[in-house]
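# Report on the structure
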Amino acid sequence: MAATSEAIVQVLCSAGANISRMGLCPNKSNLLVSRNHGLGYRRKKGSRHKSYNMISAFHGGSNVSDRFRSLSCNCSKLDSVTDKSSEKRDSFLKGELSTNGNGTFSSTLQIGGMSSLEDEAWELLRASMVYYCDHPVGTIAANDPSDSSILNYDQVFIRDFIPSGIAFLLKGEYDIVRNFILHTLQLQSWEKTMDCHSPGQGLMPASFKVRTVPLDGDDSATEDILDPDFGEAAIGRVAPVDSGLWWIILLRAYGKCTGDLSVQERVDVQTGIKMILKLCLADGFDMFPTLLVTDGSCMIDRRMGIHGHPLEIQALFYSALLSAREMLTREDASADLITALNNRLVALSFHVREYYWIDMRKLNEIYRYKTEEYSYDAVNKFNIYPDQIPPWLVEWMPNKGGYMIGNLQPAHMDFRFFSLGNLWSIVSSLATNDQSHAILDLYETKWADLVGGMPLKICYPALEGQEWRIITGSDPKNTPWSYHNGGSWPTLLWQLTVASIKMNRPEIAERAVKVAERRISRDKWPEYYDTKSARFIGKQARLFQTWSIAGYVVAKQLLDNPEAAKILVNVEDSELVNAFSCMISANPRRKRSRKGIKQSFII
Ligand code: GLC
């Protein structure tokens, strides 16, 4: 009986979500529909944590609310799942934690009395949980009681939730991750516009907020709504390209960790994966296989001169492509999509490994580049002028070690070192085995610069003077060695841990964790640190920043159980390696005239 109703619910859910997609996909004809929208759960006032009795939608119009009603099964389905996290939450509700008005809970625990740093981190992580319809759906970005200007730090950010989600998965608390995956999937189908323009279908929001609002026409009832932000309200109006990529990576990790493949196999989830892929694989004007994005489209979400083809996005893109290929079911994936995906994987790995990589040998090669080569077999394909090599790099590049540069464009190499892109290149196997070791060698050789007083530098070095003025637009938050401009972000600890475990060098992460442990709790888990060697808590850093807390928790969990890192790692694909070596040996002229390849990229 249970199995049958579960199956029916599953079918209804899938159908419902698809219907909602049809109704809510950006559609030029409903561009002027008000942005007053949300998935809603109604409840009587005063019954904050009691069960809700119906679902309603704010869109109005019978068709639309019918579509929303079809999502109610989704809620019933989610409702039927209980696990340790909801039990824990119940105990929080009995008094150990109190609500802070954001659907999250404030810790009343005495931090000084905690048995260990990890226990403290777990208490804070649980205190950051956000509930929708009485079920955990994510974690708030920062839970800093002393902060009066919360901006959008009271929202659940997709990228920030990834370490939280991994921490919960590794703890065996699957419910919150499953709910997060399914609810953000529903948000993917929202209509979203900025000044009458809609971005492409498949975009995942940067963040969402759970709002509790009075229900129209009924004083005694309120409802929860999920209100997404696709960048239309974000500072700088940046589109979060990384959100969908992280969503795919988390979905795969969920399946690998729980062994429950039913989530990734759902029709609506398969559709969600395909929508993200279609958006990323769409033909454009670009000659490169790397993904072309605007400034601020990832963790660095404000102007920092990373528009174009930033490494972070390429590494996440590669990881998401590999993960999606693993998860797409044969019935759902069209042959065309798989072909496009495979072609892109090969071209992307060749391009990044070949042209983003620098070490002493490559730097010396660039130093002697000839320019203005008009030909198919140019050595200096992107017409890089050797004068671009920055003076700091000439001194900084060690004899042992190397890294992927931050960005590559015609006549432009951004030589800055970006931690997340380099670490995720290791994790996703976008970097070769030798390159991966060389990146970790660099961390060891340049420990004072890249780790210093708090792991890890987001990028190195900082932009200063005139360069800072021009590139950041004189951004006072991104002054040299602060925030995104050479600041140090504790959350990056978890990515360092996955990368060093993958390369069988966990001692690197262990050393970095020890550095963090010296002060992270005393400093109240800041969002970021300032100065060249991370001596100060960031000028405008939030305290009790959830992904700083979760990043530490995940690093500890993985160091205790290195095998678990497999849920995040993409192993080198032997088919790709073969295709890759064919490419290196192929004549560029012959390659251009190959038949049957729809897109031709510069590789
Ligand atoms: C800042 C960070 C961004 C993060 C957000 C929430 O905007 O730049 O990466 O997602 O805060 O923590």
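See the structure above.
Figured I'd write up the structure that's included with this text. (Residues numbered from 1 in each chain as written. Predicted model: local features only at pLDDT ≥ 70, side-chain atom pairs only at ≥ 80, totals over all residues. Heavy atoms only, no water.)

As a further point, take the site of the ligand. Taken together, the neighbourhood of the ligand is formed by Ala141, Tyr153, Phe157, Arg159, Asp160, Met299, Asp301, Tyr483, His484, Glu527, Gln545 and Trp547. Between the ligand and His484, the relevant distance is 2.7 Å, taken from an oxygen atom to a side-chain nitrogen or oxygen of the residue. Within the side chain of Gln545, one N or O atom sits 2.9 Å away from an oxygen atom of the ligand. If you map the ligand onto the pockets, it falls in the largest cavity. Taken together, the residues of the shell around the ligand break down into six nonpolar, two polar and four charged. (Near = heavy atom within 4 Å. Polar contact = N/O pair within 3.5 Å; in protein donor to acceptor, adjacent residues only side chain to side chain. 1 Å grid on protein atoms, 1.4 Å probe; cavity = no way out; pocket = protein on both sides within 12 Å on 5 of 7 lines; lining within 4 Å. Sits in = over half its atoms within 2 Å of the grid points. Nonpolar A, V, L, I, M, F, W, Y, C, P; charged D, E, K, R; others polar.)

Turning next to the pairing of strand E5 (residues 129-132). Residues Met129 and Tyr131 line one face of E5 and the alternating positions Val130 and Tyr132 line the opposite face, and both faces are buried. Both E5 and strand E6 (residues 135-139) contribute to a ladder of four bridges, which runs antiparallel. Paired with Met129 across the two strands is Thr139, which belongs to E6. Between E5 and the antiparallel strand that follows it, E6, lie two residues; Cys133 among them carries a positive phi value of about 60°. (Buried < 20%, exposed > 50% of the residue type's maximum accessible area, 1.4 Å probe, protein only. Helix = DSSP H or I, 4+ residues; strand = E, 2+ residues; numbered from the N terminus. Pairing = 2+ DSSP bridges.)

Attention shifts here to the environment of Asn179. On the secondary structure map, Asn179 appears in helix H7 (residues 175-188). For the pair Asn179 and Gly138, spaced 41 residues apart in sequence, the C-alpha to C-alpha distance is 8.0 Å. At 2.8 Å, the side chain of Asn179 and the backbone oxygen of Pro136 are in polar contact.

Counted at 1.5 Å a residue, the expected span for H7 with its 14 residues is 20 Å, and the 20 Å between its end C-alpha atoms agrees. Burial analysis of H7 places 14 of its 14 residues in the buried class, the great majority of the element. (Expected span 1.5 Å × (residues − 1).)

Note on aromatic pairs: each is described by the distance of the centres and the angle between the planes. Applying the stated criterion across every chain yields a total of 20 aromatic pairs. Aromatic pair Trp392 and Trp396: ring centres 5.7 Å apart, planes at 65°, arrangement edge-to-face. Remark: Trp396 and Trp392 occur in helix H14 (residues 391-396); sequence separation between them is four residues, near one turn of the helix. Considering the side-chain rings of Trp424 and Trp494, the 5.6 Å spacing of their centres and the 65° angle between planes classify their relative orientation as edge-to-face. In this pair, Trp424 is assigned in helix H15 (residues 419-427) and Trp494 in helix H19 (residues 493-502), connecting sequence segments 70 residues apart. As far as burial versus exposure is concerned, Trp424 and Trp494 are alike and both buried. A network of ring pairs unites the aromatic residues Trp392, Trp396, Tyr403, Phe417, Tyr443, Tyr460 and Trp481 as a single cluster. The ring of Trp122 is capped by Lys171, whose NZ or CZ atom sits 4.7 Å from the centre of that ring. Note that Lys477 overlies the ring of Tyr483, its terminal NZ or CZ placed 4.2 Å from the centroid. (Phe/Tyr/Trp six-rings, centres within 6.5 Å; stacked < 30°, edge-to-face > 60°. Lys NZ or Arg CZ within 6 Å of the ring centre and 35° of its normal.)

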